[in-house]
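# Inside the fold
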Amino acid sequence: MQSLKIAGIKLCESYNIQYGTNFISVMPTNLFGHSDNFNLEKSHVLPAMIRKMHLGKALEINEWKDIKTRFK
């Protein structure tokens, strides 16, 4: 994955030099991962947002069992 980040940065640098543009490479890393937790206070932003959306939907349809068992 590191090589892809470097390749994106170098691609933008080369394009900027060749065509006189001012592009930058943006890589949203570490937003959500395989072993990420969904703790609302200590997780990354994206997992916390996913949890809030799931909890909101569960509350909307009165799925109290799902709320109690999934997110302790």
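Residues numbered from 1 in each chain as written. Predicted model: local features only at pLDDT ≥ 70, side-chain atom pairs only at ≥ 80, totals over all residues. Heavy atoms only, no water.

For the rest of this paragraph, the subject is the pattern of salt bridges. Within the structure shown, the criterion is met by two salt bridges. Between glutamate 60 and lysine 57 there is a salt bridge whose closest N-O contact spans 3.2 Å. With glutamate 60 and lysine 57 both in helix α2 (residues 45-60), this residue pair falls three residues apart, about one helical turn. (Salt bridge = Lys/Arg side-chain N within 4 Å of Asp/Glu carboxyl O. Helix = DSSP H or I, 4+ residues; strand = E, 2+ residues; numbered from the N terminus.)

An ideal rise of 1.5 Å per residue puts 22 Å on 16 residues; α2 measures up with 22 Å between its terminal C-alpha atoms. Along α2, the residues classified as buried are Pro47, Ala48, Arg51, Leu55 and Ala58. What you see down the axis of α2 is that its buried residues fit within an arc of 100 degrees, all on one side. In α2, those exposed residues whose orientation departs by more than 90 degrees from the buried face are Val45, Lys52, Met53 and Glu60. Immediately beyond the C-terminal end of α2, within one or two residues, lies asparagine 62, with a positive phi of roughly 55 degrees. (Expected span 1.5 Å × (residues − 1). Buried < 20%, exposed > 50% of the residue type's maximum accessible area, 1.4 Å probe, protein only. Arc of directions from axis to C-beta.)

Examined against the element boundaries, asparagine 16 turns out to sit in helix α1 (residues 2-19). Side chain to side chain, asparagine 16 and threonine 21 meet in a polar contact 2.5 Å long. Engagement of the side chain of asparagine 16 in a polar contact is seen with the backbone oxygen of phenylalanine 23, the distance being 2.8 Å. Among all residues touching asparagine 16, those that are not within four sequence positions of it are Thr21, Asn22 and Phe23. (Polar contact = N/O pair within 3.5 Å; in protein donor to acceptor, adjacent residues only side chain to side chain. Contact = heavy atoms within 4.5 Å.)

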